Amino acid sequence: MIMKGNILNVFTDEIYPGEIKIENGIIQSIKEINSDFNEIIVPGFIDSHIHIESSMLTPSRFAEIALKHGTTSVVADPHEIANVMGIEGIEYMINDANASPLNYYFTAPSCVPSTKYETSGATLNSKNIDELLNRPEFVALGEMMNYMGVINKDKEVMAKLDIARKHKKPIDGHAPQLTGKALQAYVKQGITTCHESITKKEALEKRRLGMKIMIREGSENHSLEELLHCGAEFIVSDDITSEDLLKGHLDKCLREAVDLGMDPFDAIKLVTINPAEHYNLNTGSITPGKNADLVFIDNLNDFRVKRVIVNGNTIFKKQKLLFRANPKLLENKLDIIPKKPEEFNIKVQDPSHKSATVNVITAKDNQIITGTKTAKLTITKGIILPSIYEDILKISIVERYGGNTISNGFISGFGIKNGAMAASIAHDSHNIIVVGTNDKFMAQVTNKIIENKGGLAATSNHDSIDLSLPIAGLMSNKSAHNVAKVSSKMNEFVQNMGCQLTNPFSTLSFMASPVIPSVKITDKGLFDVNKNEFMNVIINEK
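What counts, and where the lines are drawn
- Residues numbered from 1 in each chain as written.
- Predicted model: local features only at pLDDT ≥ 70, side-chain atom pairs only at ≥ 80, totals over all residues.
- Heavy atoms only, no water.
- Phe/Tyr/Trp six-rings, centres within 6.5 Å; stacked < 30°, edge-to-face > 60°.
- Buried < 20%, exposed > 50% of the residue type's maximum accessible area, 1.4 Å probe, protein only.
- Helix = DSSP H or I, 4+ residues; strand = E, 2+ residues; numbered from the N terminus.
- Pairing = 2+ DSSP bridges.
- Right-handed = clockwise from strand over helix to strand, strands pointing away.

A. Representation of the packing of aromatic side chains. All told, the structure shown has six aromatic pairs when counted by the stated rule. When the ring of Tyr 104 is compared with that of Phe 106, the centres are 6.0 Å apart and the planes differ by 15°; the resulting orientation is stacked. In this pair, the class of Tyr 104 matches that of Phe 106, namely buried. Ring centres of Tyr 117 and Phe 527 lie 4.5 Å apart, and the angle between their planes is 35°; this geometry places the pair in the tilted category. Of this pair, Tyr 117 sits in the loop between strand E7 (103-108) and helix H3 (126-133) while Phe 527 sits in strand E27 (residues 525-528), and the two are 410 residues apart along the sequence. With respect to burial, Tyr 117 and Phe 527 carry one shared label: buried. Joined through ring pairs, the aromatic side chains of Tyr 104, Phe 106 and Phe 138 make up one cluster.

Here is the structure:
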């Protein structure tokens with residue numbers, strides 16, 4: 001098979017007319033020719049750090065959309081489903097991925113559970129990691145979120161790092177706001193990437209220590225503008241919703257990068273040759289011996305995708321995708337007893353007291369890093385009441401793995417005036433997370449998720465809405481358009497309840513992660529990430 005067009009060379013920053021000879025899905029030769037072409041052929045785009053589960057789509061359903069945007073390969077970390085279902089969940093992701101033409105590479109989840117400060121549904125030990133990294137699908141050790149375990153040289157953490165080095169596989173990092181001696185101790189263990197930098201200063205310190213910076217441009221984090229000119233090596237999604245995926249993937253990132261002043265050749269390298277060389281993938285450039293993963297685009301400003309070829313096969317042409325997914329379901333029941341409103345109460349020691357000073361998580365739009373503040377709240381009949389006027393709502397984590405426990409606290413930033421929202425997506429252990437104005441509503445949305453065996457739910461005085469995610473409580477087997485339609489309506493529903501956040505459910509999902517600063521809530525209580533210890537919800541009462 002011969003493909004002709006204007007070929008972009010990632011090594012020489014040239015574009016020249018040529019023909020590409022392909023046999024058995026591999027590029028055999030490239031020859032420059034004397035001809036005129038309208039379209040440019042570039043290497044297929046690679047998303048080098050993504051959690052497919054965050055799209056609420058299965059890998060094959062994700063592929064149906066990503067391929068249209070020129071993404072031909074992804075390096076996926078399945079630690080979301082691994083925290084819920086362990087190896088069984090990982091095998092599901094691999095099998096479903098294999099049913100699509102998109103090239104799926106995986107990283108072995110390093111932190112299942114992410115820390116000891118929350119309850120998860122599974123544990124992956126160093127032996128499991130050794131077995132995974134021995135498989136050809138796994139190209140790296142997934143992001144080492146337990147940076148305190150690395151710094152303190154936790155025995156099991158060190159064993160996993162040793163295994164990655166034994167297999168000569170890269171080790172992905174996760175070091176938000178880590179600096180100074182702590183960062184150096186982390187990097188010393190051979191951890192080579194980080195997607196958590198949010199400022200140029202943070203990225204520069206990491207680069208000086210030899211780390212490769214991933215610009216994270218997902219649904220909840222937008223670092224492209226801040227980090228574009230800081231010498232980053234990759235552009236990644238990390239977490240992207242189905243709604244945003246429908247609007248664009250790496251093609252959209254490239255368009256924005258060029259609009260912000262980046263040289264288009266440099267931009268393309270961030271999603272082609274750079275990740276391919278780092279993860280030792282046989283793709284990323286149009287050269288003999290590489291997989292024939294090719295994308296035809298209109299120009300280097302719009303990056304409008306015209307045709308997509310994966311392993312020598314045309315997958316997308318003339319706005320038609322020549323592939324349809326048919327994912328299977330994976331049964332996973334939530335081991336939870338239906339909840340009563342009083343279980344969401346926050347009680348004081350002395351019912352005669354009239355007020356209490358409490359710690360409050362502060363959430364911000366388009367950020368997963370939180371803050372904290374204190375507030376004085378009213379006590380009625382021994383129960384601390386939220387303050388809707390001051391935007392101090394209740395937040396709870398309902399443990400889903402059989403322990404039948406709930407931890408309760410307070411949060412600001414959601415702005416809900418009347419109602420509650422909940423999800424079985426709560427990074428990283430994915431217990432049910434709930435925010436609401438009163439206990440009755442919080443119990444209602446929690447029980448709807450239990451009934452649906454996972455998903456999203458919201459309710460108010462006027463109406464209710466929900467989205468079922470029966471695959472591990474994280475994903476649907478339905479199409480991206482179907483999931484995005486309902487998900488979009490759910491975000492709109494919550495915004496009509498007073499929430500000002502751009503993506504309310506996406507923000508909610510990160511309020512439980514004890515590896516992202518600075519204060520979060522797990523099923524075991526309110527947690528100070530920076531101090532690596534639990535903190536009291538109630539400071540005092542009187």
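B. Main features of the pairing of strand E6 (residues 71-76). Most of E6 sits inside the fold, with six of its six residues counted as buried. Of the pairings in the sheet, the one linking strand E5 (residues 45-50) to E6 comprises four bridges and is parallel in character. Residue pairing across strands places Ile 46 opposite Ser 73, the latter belonging to E6. Taken together, E5, helix H1 (residues 59-66) and E6 constitute a β-α-β crossover, and its handedness is right-handed. Relative to E7, E6 runs parallel, the two sharing four bridges. Looking at the pairing, Val 75 lines up with Tyr 105 of E7. The parallel pair E6 and E7, bridged by helix H2 (residues 79-98), forms a crossover whose chirality is right-handed.

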